2 protein chains.
Amino acid sequence: MRKLYIVGLGPGGGQDMTGRAKAALEEADVIVGYTVYIDLIREEYAHKELLTTPMRKEVERCEMALALADSGKTVAMVCSGDPGVYGMAGLCYELSEKWPEVALEVIPGITAACGGAAVLGAPLMHDFCLISLSDLMTPWETIQKRLRAAAQADFVVCLYNPSSHKRKDYLQKACDILLEEKSPATPCGYVGQIGRDGESAAVLTLGELRTAQVDMFTTVFVGNSQTKILGGRLVTPRGYLQR
Amino acid sequence: MRKLYIVGLGPGGGQDMTGRAKAALEEADVIVGYTVYIDLIREEYAHKELLTTPMRKEVERCEMALALADSGKTVAMVCSGDPGVYGMAGLCYELSEKWPEVALEVIPGITAACGGAAVLGAPLMHDFCLISLSDLMTPWETIQKRLRAAAQADFVVCLYNPSSHKRKDYLQKACDILLEEKSPATPCGYVGQIGRDGESAAVLTLGELRTAQVDMFTTVFVGNSQTKILGGRLVTPRGYLQR
């Protein structure tokens, strides 16, 4: 069978990986991925053929993986976090129409929302939205609309890609939209380099988050109207103690 | 140190668990959980002290775990999926104020949104909302408001707890709200018993979902305006092929 596994490494690889993910990498003849993600597993899988492609070459990376699988090799394409959340799973399915004999299997991983939430406490205990602030492929107007809708309906909000060199003020802009509905005292938090060397975390208010300096490897959490800070942890009650 | 691990088993336990989750269960003297979740790991951890409490006894379960940890035992409380997403992590933090010497650590797991998405294809590739249809602890008006906001801003929507004995028509009601904004042709899917014996999945339209029979162990996915069915898989393009 011609097989392509699309494998989630979780936030940092290693101990964050599931047994299914490890088994797929062990089974693979070739492991394909963005350089930074291959680096997370390079040591443990040094005995495998490891192929990397740079950032922004997503189409080429998926086509390479599909073509290799079609040639008869068992291929694992690795993604940080979960390949099904802003990862490569969708693109692989879209491109796979050209390689109909390759069977695709997505192996989920811990996405940054779940990994970062665990570092901060328990901010995602109630209904929440994931929104990417990257406007590379989504019009900024759509992102604004989603931020506004999330704030109006009192969702907890988790922001991916909150910043980049070209978008230094996007987190500030996003906070300004959320502040139209949410109090500046709303408890928030962020985690950088989740599960990797240099992991860092902060708990702060939405007013403070507005001017926080975060990079593209940071995941941001904005509480709902019930979210609290308890002993330094960000916690959204679900209501067990109130019923 | 007095330690309580709050551990995510992923959807089905076993191969879905991360290395960190397995290490915590191995380290624990006692493993505590809802009967159904303990059953997922009973065989592998038969050498441990296993304590179960029934459904709806969430406060008692967390208090038992905290008190045991305070007595000097290393305790792991297990949750299906991710303890940080509609799980026990928040309640443990809330209750832990009574046991200030116990150190809590949340170990994330694959939540049903990510596990189910992988079964269906790649529906969560773009901004999405998680909404629980259980009104045990959330007013139905709040749930309705969130469904409407999610539809208006064209989020992919993932529904937890879509049905129960007392709420047989909640999925239908939710679909009716989503249909105010979304086309009845919107591609949708659902997965029951993710990662467990009897796993089942379906891809269908929002119009068909409205009358689908699902149970409380089912996770439901409603696409955004770009979501497609490709070779039987539910796929939300992120835009790599359009830029």
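In what follows, the structure referred to is the one given above.
Only a predicted model underlies this, so the values are computations on that prediction, with no experimental measurement involved.

Draft legend 1. Broad picture of the interface of chain B and chain A. In this complex, chain B contributes 66 residues to the contact, which on the side of chain A involves 67 residues. Taking both sides of the interface into account, the surface hidden between chain B and chain A amounts to around 6,000 Å²; carbon and sulfur atoms contribute 60%. Contact with chain A buries surface across chain B, with B:Met137, B:Arg146 and B:Tyr240 losing the most and accounting together for 13% of the total. The tally of links between chain B and chain A comes to eight salt bridges.

Draft legend 2. Looking closely at the pairing of strand E9 (residues 187-192) of chain A. All names here are of chain A. Here E9 lies mainly inside the structure; six of its six residues are buried. Covered by surrounding structure in E9 are Pro 187, Gly 189 and Val 191 together with Cys 188, Tyr 190 and Gly 192, the residues of both alternating faces. In the sheet, E9 pairs with strand E11 (residues 218-222) via five bridges, with the strands oriented antiparallel. Directly across from Gly 189, in E11, lies its bridge partner Phe 221.

Draft legend 3. Highlighting the sheet that holds strand E12 (residues 228-230) of chain B. All names here are of chain B. Here three strands make up an open sheet; going across it, the order is E6-E13-E12 and the pairing mixed. Looking along the sheet, the strands with just one partner apiece sit at the ends: strand E6 (121-122) and E12. In this structure, E12 lies alongside strand E13 (residues 233-235), joined through three bridges in antiparallel fashion. Paired with Ile 229 across the strands is Leu 234, a residue of E13.

Draft legend 4. Up close: helix H7 (residues 170-179) of chain A. Residues and elements named next belong to chain A. For H7, the full list of buried residues reads Tyr 170, Leu 171, Ala 174, Cys 175, Ile 177 and Leu 178. Buried residues of H7, seen end-on, are gathered within an arc of 160 degrees and therefore sit on one face of the element. On the buried face of H7, the contacting elements are helix H6 (140-152), strand E8 (156-160), helix H8 (206-209) and E11.

Draft legend 5. Examining the state of the cysteines more closely. All names here are of chain B. With the rule as written, the count across this model stands at zero disulfides over all chains. Cys 62 provides the cysteine sulfur closest to Cys 92, a residue in no disulfide bond, and the two sulfurs are 3.5 Å apart. Overall, the relative accessible area of 0% leaves Cys 92 in the buried class.

Draft legend 6. Fine view of the relation of the copies chain B and chain A. For the pair chain B and chain A, the relating rotation is 180 degrees, the translation along its axis is 0.0 Å, and the fit reaches an RMSD of 0.0 Å. In symmetry terms, the pair is related by a two-fold rotation axis. A shared binding surface is used by both copies, with 100% of the interface residues of chain B retained as interface residues in chain A.

Draft legend 7. Structural context of the sheet that holds strand E2 (residues 30-34) of chain B. Residues and elements named next belong to chain B. A sheet is described by the order of its strands in space; here five strands give the open sequence E3-E2-E4-E1-E5, paired in parallel fashion. The sheet is open, and its two borders are formed by strand E3 (49-53) and strand E5 (102-107), each paired with just one other strand. Across the sheet, the mean angle separating the axes of adjacent strands is 20 degrees when strand polarity is ignored. Pairing geometry for strand E1 (residues 2-8) and E5, over six bridges, is parallel.

Draft legend 8. Seen up close, the pattern of salt bridges. Residues and elements named next belong to chain A. Applying the stated rule across the entire model yields 31 salt bridges over all chains. Close ionic contact of Asp 176 with Arg 210 constitutes a salt bridge, the shortest N to O distance being 2.5 Å. Of this pair, Asp 176 sits in helix H7 while Arg 210 is found in the loop between H8 and E11, placing the two residues 34 residues apart along the sequence. Asp 176 sits in the partly exposed class, given a relative accessible area of 32%.

Draft legend 9. Up close: helix H5 (residues 112-120) of chain A. All names here are of chain A. Counting buried residues in H5 gives eight out of nine residues, a clear majority hidden from the surface. Here H5 has its buried residues at Ala 112, Ala 113, Cys 114, Gly 115, Gly 116, Ala 117, Ala 118 and Leu 120. Of the residues one or two after H5, Gly 121 is the one with positive phi, at around 140 degrees.

Draft legend 10. Inspection of the environment of B:Gly13 at higher detail. Tracing the backbone shows B:Gly13 in the loop between E1 and helix H1 (19-27). What makes B:Gly13 buried here is its relative accessible area of 4%.

Draft legend 11. Region of the structure containing the packing of H6(A) against H7(A). Residues and elements named next belong to chain A. Contact geometry of H6 with H7 gives a least axis separation of 9 Å together with a crossing angle of 40 degrees. In terms of orientation, H6 lies oblique with respect to H7. The two elements H6 and H7 meet at a crossing, and its hand is right-handed. For the pair formed by H6 and H7, the contact residues are Trp 140, Gln 144, Leu 147, Arg 148 and Ala 151 on the first element and Tyr 170, Lys 173, Ala 174, Ile 177 and Leu 178 on the second. Here the residues of the contact of H6 with H7 sort into seven nonpolar, one polar and two charged.

How each quantity is defined
- Residues numbered from 1 in each chain as written.
- Chains lettered and ligands numbered in written order.
- Predicted model: local features only at pLDDT ≥ 70, side-chain atom pairs only at ≥ 80, totals over all residues.
- Heavy atoms only, no water.
- Contact = heavy atoms within 4.5 Å.
- Buried area = accessible area lost by both parts, 1.4 Å probe.
- Salt bridge = Lys/Arg side-chain N within 4 Å of Asp/Glu carboxyl O.
- Buried < 20%, exposed > 50% of the residue type's maximum accessible area, 1.4 Å probe, protein only.
- Helix = DSSP H or I, 4+ residues; strand = E, 2+ residues; numbered from the N terminus.
- Pairing = 2+ DSSP bridges.
- Arc of directions from axis to C-beta.
- Disulfide = S-S within 2.5 Å.
- Least-squares fit on C-alpha atoms with pLDDT ≥ 70 in both.
- Axes fitted to C-alpha atoms, helices over the stretch in contact; angles between N-to-C directions.
- Parallel < 35°, antiparallel > 145°, perpendicular 65-115°, else oblique.
- Left-handed = near helix turned anticlockwise from the far one by under 90°.
- Nonpolar A, V, L, I, M, F, W, Y, C, P; charged D, E, K, R; others polar.

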